[in-house]
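Results of the structural survey
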Protein chains: 2
Amino acid sequence: MTRLEEERKRFQDFLRERGLKLTQQRLQILERAVEVDEHFNAEELFELLRSDSHRISKATVYRTLALLVEADLLDTHDFERGHTLYERAAHGTAHHDHLICLGCDRVFEFHSEEIELLQEVVAKRFDFLMVNHTHQIYGVCGRCQRQGVTAEQATGRSRVRSSL
Amino acid sequence: MTRLEEERKRFQDFLRERGLKLTQQRLQILERAVEVDEHFNAEELFELLRSDSHRISKATVYRTLALLVEADLLDTHDFERGHTLYERAAHGTAHHDHLICLGCDRVFEFHSEEIELLQEVVAKRFDFLMVNHTHQIYGVCGRCQRQGVTAEQATGRSRVRSSL
DNA sequence: TTATATGCAAAGGCTTTGCAAATGT
DNA sequence: ACATTTGCAAAGCCTTTGCATATAA
């Protein structure tokens, strides 16, 4: 079974379980969302669907994205101010976090097993049952550094403001 | 010099440097913002100021919060969907990250020097110049666990959706 | 005096919602 | 047949902005 087939099945099962319907729109949205291989927002997905000449309303896109997140087929992030970003959920695949370049807005994925473990240690120290986490490192990528972007310039563009 | 005096001075210097004015409103907003010892949003600060019978418009609160962030007197976070949270900046104090309880919404601060160092390692691996970062661990606090809140229930309430 | 700030209300950007018509089961 | 969905436009929410008036320097 290909990954897409698995995702389609997962969505079907999810909908059936809840007595919801598998509509054309929902299927088209799932397939397009899962095909994008970077982060996207609702508006972008809506445009992609239109350019595929699918006539789906923005409201339906929003409603379906929420379902896909509930079905664990998409993850959400809030890197950019003002709107939610989505990405295909990584089933079985290792969890990853993000490095975000303040110069060019590119997003890179990283995974550090040591950090993952240390988070468990922190949770234990606080008597917390860890459910999930988000971890973003903001900075300047190599390319932008070479193009002369400095940390100071970048700091001004960071949407996060926290003393390090 | 008390902490508040330092903050007042920092704000004054910041404004002077930029040729901006130290108005009554700005001073009142600074003093109230810095006095709250948890995270707050613009609306909450606005209400606090009103209850102090200060007549300050919401627009001025937003405008001044932006200045306070620029002056490094406040940090911003985006734990909650839909609005920005502010907190007094930790000058000199160690940087901290957050544990957020999905049961009761309380926010706890943690600091892990090991994680801080590992982030540098990650940044280096990607040829990144790290500017800052955010790191939130979502879970169920001890108190909520004892009151029967399970990870599953909590997952449904998480505003972050990322496979671990 | 004069550039900057304030307050108000209106506008913005993203997302959600109410409702009649359409559709999956 | 019937409950669920869709599309549309309107409304919601947080935040920003334009403009006339007020105020700090």
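The numbers attached to residues start from 1 for each chain and follow its sequence in the written order. Chain A is the first chain written and ligand 1 is the first ligand written, with later ones labelled in order. For this predicted model, a pLDDT threshold of at least 70 governs which residues receive local features, and a threshold of 80 or more governs which side-chain atom pairs are given and counted, while totals over whole chains, interfaces and linings are taken from all residues. Excluding hydrogens and water, the side-chain figures rest on all heavy atoms present in the structure.

Moving on, we come to the environment of Ser 112 of chain B. Residue and element names in this part refer to chain B. Put simply, DSSP marks the helices as runs of H or I at least four residues long and the strands as runs of E at least two long, and each gets a number from the N terminus on. Inspection of the secondary structure assignment puts Ser 112 in the loop between β4 (107-110) and α5 (113-125). Judged by its relative accessible area of 4%, Ser 112 falls in the buried class. The spacing of Ser 112 and Ala 123 is 11 residues in sequence and 17 Å in space, taken between C-alpha atoms. The buried label goes to any residue with under 20% of its type's maximum accessible area, the exposed label to any with over 50%, and the partly exposed label to all in between, with areas taken from a 1.4 Å probe on protein chains only.

So, on to the environment of Gln 28 of chain A. Residues and elements named next belong to chain A. Along the chain, Gln 28 falls in helix α2 (residues 24-35). Accessibility expressed as a relative area gives 21% for Gln 28, which makes it partly exposed. Each C-alpha atom, one on Gln 28 and one on Asp 52, is 9.8 Å from the other, the two residues being 24 residues apart in sequence. Between two residues, a contact is recorded if the distance between any of their heavy atoms is within 4.5 Å. Here Gln 28 is in contact with Leu 49, His 54 and Ile 56, once residues within four sequence places are set aside.

To continue, consider the packing of helix α3 (residues 42-51) of chain B against helix α4 (residues 58-70) of chain B. Residue and element names in this part refer to chain B. Each axis is a line fitted through C-alpha atoms, taken for helices only over the stretch in contact, and angles between the N-to-C directions span 0 to 180 degrees. Running from N to C, α3 and α4 cross one another at 120 degrees; their axes reach a closest spacing of 10 Å. Classified by the interaxial angle, the pair formed by α3 and α4 is oblique. Crossing hand, α3 versus α4: right-handed. In this structure, α3 contributes Ala 42, Glu 43, Leu 45, Phe 46 and Leu 49 to the contact, and α4 contributes Lys 58, Val 61, Tyr 62 and Leu 65. Split by residue class, the contact of α3 with α4 holds seven nonpolar, no polar and two charged. We call two directions roughly parallel when the angle between them is under 35 degrees, roughly antiparallel when it is over 145, roughly perpendicular when it lies between 65 and 115, and oblique otherwise. In a left-handed crossing the near helix is turned counterclockwise from the far helix by less than a right angle, and in a right-handed crossing that turn is clockwise. All amino acids are sorted into three groups, where Ala, Val, Leu, Ile, Met, Phe, Trp, Tyr, Cys and Pro are nonpolar, Asp, Glu, Lys and Arg are charged, and the leftover types, Gly among them, are polar.

Residues are classed as near a molecule or strand on a simple rule: at least one heavy atom within 4 Å of it. Within the structure, DNA strand D sits among 20 residues, and Leu 20, Lys 21, Thr 60 and Arg 63 of chain A together with Tyr 62 of chain B are positioned closest to it. Those atoms of DNA strand D that come within 4 Å of the protein belong to sugar or phosphate at a rate of 65%. Within 3.5 Å is the distance limit for a polar contact, defined as a pair of N or O atoms, with the added protein rule that one can donate a hydrogen and the other accept it, and that residues adjacent in sequence qualify only through two side-chain atoms. Within the side chain of Tyr 62 of chain B, an N or O atom sits 2.5 Å from a phosphate oxygen of DNA strand D. Secondary-structure elements contributing two or more residues to the surface near DNA strand D are α2 and α4 (58-70) of chain A together with α4 of chain B. Split into classes, the residues belonging to the surface near DNA strand D amount to six nonpolar, eight polar and six charged.

With that out of the way, let us pick up the pairing of strand β5 (residues 129-140) of chain B. Judged by how many residues are buried, β5 of chain B sits mostly within the fold: 11 of 12 residues are covered. Pairing analysis gives 11 bridges linking strand β5 (residues 129-140) of chain A to β5 of chain B, with the strands arranged antiparallel. Considered in β5 of chain B, the bridge of Gln 136 of chain A is made with Thr 134 of chain B. Note on pairing: two strands pair once DSSP finds at least 2 bridges between them. Looking at chain direction, strand β3 (residues 97-101) of chain B and β5 of chain B are connected through four bridges and run parallel. Residue His 98 of chain B lies in a different strand from β5 of chain B, and its bridge partner there is Gln 136 of chain B.

Another aspect to go through is the relation of the copies chain B and chain A. The copies are overlaid by a least-squares fit using only the C-alpha atoms of residues whose pLDDT is at least 70 in both copies. Mapping chain B onto chain A leaves a residual RMSD of 0.2 Å; the transformation is a rotation of 179 degrees accompanied by 0.0 Å of translation along its axis. Read as a symmetry element, the transformation amounts to a two-fold axis. By C-alpha distance to the rotation axis, the residue of chain B lying nearest is His 135 of chain B, at 2.0 Å. Mapped onto chain A, 98% of the interface residues of chain B again fall at the interface, so both copies present the same surface.

What follows deals with α3 of chain B. The periodicity of an α-helix, 3.6 residues per turn, causes residues three or four positions apart to be oriented the same way. Residue and element names in this part refer to chain B. Every buried residue belonging to α3 is among Ala 42, Leu 45, Phe 46 and Leu 49, and all of these are buried. Buried residues in α3, looked at end-on, bunch into an arc of 105 degrees, giving them a common side. Buried residues along α3 sit against α2 (24-35), α4 and β2 (85-88). A distance of 3.1 Å separates the backbone nitrogen of Glu 43 from a side-chain oxygen at the start of α3, and that oxygen is part of Asn 41. Just downstream of α3, Ser 53 is the residue with a positive phi angle, here 55 degrees. Arc definition: it is the arc formed by the directions from the helix axis to the C-beta atoms.

Let's shift gears to the packing of aromatic side chains. Here is the rule: rings of Phe, Tyr and Trp (six-membered ring for Trp) pair when centre to centre is within 6.5 Å. Planes less than 30 degrees apart are stacked, more than 60 are edge-to-face, and the remainder are tilted. The final tally for this structure, using the stated rule, is six aromatic pairs over all chains. Aromatic side chains Phe 128 of chain A and Phe 108 of chain B sit 5.5 Å apart centroid to centroid with 80 degrees between the ring planes, which places their arrangement in the edge-to-face category. With one member in each of two chains, Phe 128 of chain A in the loop between α5 (113-125) and β5 and Phe 108 of chain B in strand β4 form a pair that bridges those chains. Judged by its relative accessible area of 8%, Phe 128 of chain A falls in the buried class. With relative accessibility at 22%, the residue Phe 108 of chain B sits in the partly exposed group. An aromatic cluster is built from Phe 108 of chain A together with Phe 126 and Phe 128 of chain B, whose rings are joined through pairwise contacts.

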